[in-house]
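# What the coordinates show
Letter by letter, the chains look like this.
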Amino acid sequence: MAPSAMRTTTAALSAASLSDARPVPYWLDDPGRPGALPALTGDEHCDLLVIGGGYSGLWTALLAKERDPERDVVLIEGREVGWAASGRNGGFCAASLTHGFSNGLARWPGELRKLEELGERNLDAIEATVARYAIDCSFERTGEIDVATEPYQLDDLRELYEEATRLGRTGLEVLDREAVRAEVDSPTFLGGLWDRRGVAMLHPAKLAWGLKRACAELGVRLYENTRALELARARSVPGPGGGSGAGSGMAVRTPYGRIFARKVALGTNVFPSLVRRVRPYTVPVYDYALMTEPLTEEQRAAIGWKNRQGLGDSANQFHYFRITDDHRILWGGYDAIYPYGGRLDTALNHRPETYLKLAGHFFRCFPQLEGVRFSHAWGGAIDTCSRFSAFFGTAYDGRVAYAAGYTGLGVGATRFGGEVMLDLLAGERTERTALEMVRSKPLPFPPEPAAWAGIGLTKWSLARADARGGQRNLWLRTMDRLGLGFDS
């Protein structure tokens with residue numbers, strides 16, 4: 001068959017596989033989705049106000065009550081808990097706090113051992129929390145395999161293994177072609193690196209809903225469909241009975257009321273920060289995913305995957321994929337769409353041309369699954385920063401704390417971010433707040449049109465590097481030296 005005819009046939013097969021796909025996130029399309037809580041009306045008063053009902057806010061509220069059960073905590077969410085990135089991601093809950101070992105090694109080599117230790121403890125604590133509050137979110141400590149699909153990537157994975165073991169990492173295993181295909185069979189796999197304990201798979205929306213329930217059980221007052229419109233100083237914070245409280249605090253205006261709080265934690269991530277000076281540090285990136293229908297027993301046998309690990313390929317424009325407990329495959333990544341000016345646009349939550357591209361890549365990876373159809377296709381925005389991992393800070397004389405910039409690896413790292421925000425609000429020097437990672441900031445993105453041009457050139461250069469055996473051009477090498485980047 002001629003190449004042009006083959007491309008036409010592949011495109012037709014990919015399009016057919018998407019014909020019945022529902023344009024909604026699979027995780028949120030669940031009959032067990034809890035109903036929305038009422039919006040705030042009137043005035044509310046608290047010790048700690050948490051803004052944002054994704055993982056970042058939920059973990060912060062839960063940890064605040066665990067640290068001090070008497071602390072009066074309120075959480076507000078502009079829509080419904082878990083509706084944004086926390087309910088749309090791939091369900092990879094990683095121990096890494098630095099968006100992977102390589103990124104951490106490049107940025108904080110002197111404290112990476114401590115960051116790795118803190119990340120392992122954080123993942124253990126998430127597992128313990130899921131058990132303690134009986135959160136039914138399909139938590140599986142399966143690990144993840146980084147797979148090589150090009151020969152040069154094998155060298156990169158071996159180098160990563162050597163550096164990680166030198167710093168004391170355990171549970172890593174290098175897989176050759178036969179070994180990786182014995183785990184998950186794809187003709188495109190040339191080898192891999194299996195992190196057996198550093199990643200868990202879970203149902204992301206059910207984790208958010210479970211954290212919401214746990215917060216409520218501990219006494220957190222939650223209001224949904226309550227957007228924070230304005231953050232300002234309050235000369236005094238009224239007490240619960242309306243009388244004047246001691247000391248100054250913060251006031252937050254919402255559509256139907258106000259909240260007076262002594263301290264505020266911002267878990268708004270991709271949405272414009274209420275602290276304006278934070279906004280240049282993040283840009284939104286739209287990421288996309290497909291979910292197959294449940295595989296038959298024969299289809300599962302054709303690809304193996306008995307150990308249910310998460311997988312990701314090692315290209316700059318990478319895919320992430322995993323199998324669910326009802327035997328579906330989630331396939332996402334590759335395209336990272338930046339909207340001009342960093343403006344969030346719900347129209348970008350769906351992008352048929354990306355779905356078609358992802359479907360073609362899926363069948364190239366798993367040709368033995370030809371004929372499988374996709375049941376769901378969706379996208380959503382995540383916040384990225386120029387160092388690819390979270391940054392932290394305070395405002396208003398320490399009364400407000402924020403964490404942002406998780407760059408798609410926030411399922412696990414947001415719990416650590418909640419700990420950091422609470423430490424900062426308490427004015428405590430802890431092993432977390434002493435970290436250079438916590439004390440430093442990434443470089444901000446430039447204003448438009450420079451941001452648009454720079455991100456576009458970076459994406460083009462990354463695609464070119466993938467096509468040329470990983471060779472990074474002058475632009476990418478310069479960006480590396482400056483500590484700048486763009487990633488999803």
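This text gives an overview of the structure that appears in the document. Just so it is clear, the structure is predicted and the values come from calculations on it, not from any experiment. (Residues numbered from 1 in each chain as written. Predicted model: local features only at pLDDT ≥ 70, side-chain atom pairs only at ≥ 80, totals over all residues. Heavy atoms only, no water.)

Below, the discussion takes up the overall build of the protein. Across its full length, the protein holds 13 helices and 18 strands. The C-alpha radius of gyration of the protein comes to 23 Å, within 12% of the 23 Å expected for a compact globule of 488 residues. Dimensions of the protein, computed from the C-alpha atoms along their principal axes, are close to 80 × 50 × 45 Å. Expressed as a percentage of its 488 residues, the buried residues of the protein come to 56%. If you take every contact in the protein between residues at least 6 apart in sequence, the share linking residues at least 24 apart comes to 76%. Summing over all exposed atoms, the protein offers an accessible surface of approximately 20,400 Å²; the carbon and sulfur share of this is 52%. Counting 58 positive and 59 negative side-chain charges, the protein places the averaged centre of each group 6 Å from the other. (Helix = DSSP H or I, 4+ residues; strand = E, 2+ residues; numbered from the N terminus. Rg over C-alpha atoms; globule rule 2.2 N^0.38 Å. Buried < 20%, exposed > 50% of the residue type's maximum accessible area, 1.4 Å probe, protein only. Contact = heavy atoms within 4.5 Å. Areas by Shrake-Rupley, 256 points an atom, 1.4 Å probe, with all protein chains shown as cover. Lys, Arg positive; Asp, Glu negative; His and termini not counted. Charge placed at Lys NZ, Arg CZ, Asp CG, Glu CD.)

Looking now at unusual backbone geometry. Cis geometry marks the peptide bond from Glu-448 to Pro-449; its omega dihedral reads 5°. On the secondary structure map, Pro-449 appears in the loop between helix H11 (436–439) and helix H12 (450–467). The backbone phi angle of Asn-225 is positive, close to 50°, even though this residue is not glycine. Assignment of secondary structure puts Asn-225 in the loop between strand S8 (221–223) and strand S9 (230–234). For Asn-225, a relative accessible area of 40% gives the class partly exposed. The residue Phe-388 is not glycine, and still its phi comes out positive at about 75°. Its location among the elements puts Phe-388 in the loop between strand S16 (374–384) and strand S17 (391–395). Residue classification places Phe-388 among the buried residues on the basis of a relative accessible area of 15%.

Another aspect to go through is the side chain of Thr-433. Take Thr-433: it is sitting in the loop between helix H10 (410–426) and H11. With residues near it in sequence (within four places) discarded, Thr-433 still touches Asp-423, Leu-424, Glu-428, Val-438 and Arg-439.

Moving on: the environment of Thr-292. Topologically, Thr-292 is positioned in strand S12 (residues 283–292). Remark: the alpha-carbon pair of Thr-292 and Ser-375, spanning 83 residues in sequence, is separated by 5.4 Å. Residue contacts for Thr-292: discarding those within four places in its chain leaves Arg-328, Ile-329, Phe-362, Val-372, Arg-373, Phe-374 and Ser-375. From its side chain, Thr-292 meets the backbone nitrogen of Ile-329 in a polar contact 2.9 Å long. (Polar contact = N/O pair within 3.5 Å; in protein donor to acceptor, adjacent residues only side chain to side chain.)

Turning our eyes to something else, we now look at helix H2 (residues 55–67). End to end, H2 covers 18 Å across 13 residues, agreeing with the expected 18 Å (1.5 Å per residue, within 8%). In terms of burial, H2 is a largely internal element, 11 of the 13 residues being buried. Listed in full, the buried residues belonging to H2 are Tyr-55, Ser-56, Gly-57, Leu-58, Trp-59, Thr-60, Ala-61, Leu-62, Leu-63, Ala-64 and Lys-65. Next to the buried residues of H2 lie strand S1 (42–51), strand S2 (73–76), helix H4 (112–132), helix H7 (204–217), strand S11 (257–266) and H10. (Expected span 1.5 Å × (residues − 1).)

The subject of this paragraph is the packing of aromatic side chains. Evaluation of the coordinates by the stated rule reveals 20 aromatic pairs. With centroids separated by 6.2 Å and ring planes inclined at 35°, the aromatic side chains of Trp-83 and Phe-271 adopt a geometry described as tilted. Of this pair, Trp-83 sits in the loop between S2 and strand S3 (92–94) while Phe-271 sits in the loop between S11 and S12, and the two are 188 residues apart along the sequence. Pairing Tyr-281 with Phe-391 gives two aromatic rings, centres 5.5 Å apart and planes at 50°, and the pair type is tilted. Remark: Phe-391 occurs in strand S17 and Tyr-281 occurs in the loop between S11 and S12; sequence separation between them is 110 residues. Considered together, Tyr-281 and Phe-391 belong to a single accessibility category, that of buried residues. Members of the aromatic cluster, each reached through a chain of ring pairs, are Phe-189, Trp-305, Phe-321, Trp-331, Phe-362, Phe-363, Phe-366 and Phe-374. (Phe/Tyr/Trp six-rings, centres within 6.5 Å; stacked < 30°, edge-to-face > 60°.)

A few words now on the state of the cysteines. If you walk through the whole model with that rule in mind, you get 0 disulfides. Here Cys-46 stays free of any disulfide, with the sulfur of Cys-215 as its closest cysteine sulfur at 14 Å. (Disulfide = S-S within 2.5 Å.)

In this section: the pairing of strand S15 (residues 329–333). Extensive coverage of S15 is indicated by the burial of 5 of its 5 residues. Between strand S14 (residues 319–323) and S15, which follow one another and run antiparallel, lie 5 residues, and His-327 among them has a positive phi close to 70°. (Pairing = 2+ DSSP bridges.)

Grouped together as the largest cluster of nonpolar side chains are 60 residues, with contacts concentrated most on Leu-48, Phe-139, Leu-207, Leu-211 and Phe-392. In contact with Leu-48, not counting residues within four places along its chain, are Ala-64, Arg-71, Asp-72, Val-73, Val-74, Lys-263, Val-264, Ala-265, Leu-422 and Leu-425. Counting residues in each nonpolar core, the second largest holds 34 residues, with Trp-194, Tyr-288, Ile-303 and Ala-381 among its members. (Core = buried A, V, L, I, M, F, W, Y, C linked by side-chain atoms within 4.5 Å.)

On to the packing of H12 against helix H13 (residues 474–482), then. One way to put it is that H12 packs onto H13 with a least axis distance of 9 Å and a crossing angle of 115°. Comparing their axes, H13 and H12 come out roughly perpendicular. Here the hand of the crossing between H12 and H13 comes out left-handed. The segment H12 lies against H13, with Gly-454, Leu-457, Thr-458, Ser-461, Leu-462 and Ala-465 engaging Trp-475, Leu-476 and Met-479. Classifying every residue of the contact of H12 with H13 by side-chain character gives 6 nonpolar, 3 polar and no charged. (Axes fitted to C-alpha atoms, helices over the stretch in contact; angles between N-to-C directions. Parallel < 35°, antiparallel > 145°, perpendicular 65-115°, else oblique. Left-handed = near helix turned anticlockwise from the far one by under 90°. Nonpolar A, V, L, I, M, F, W, Y, C, P; charged D, E, K, R; others polar.)

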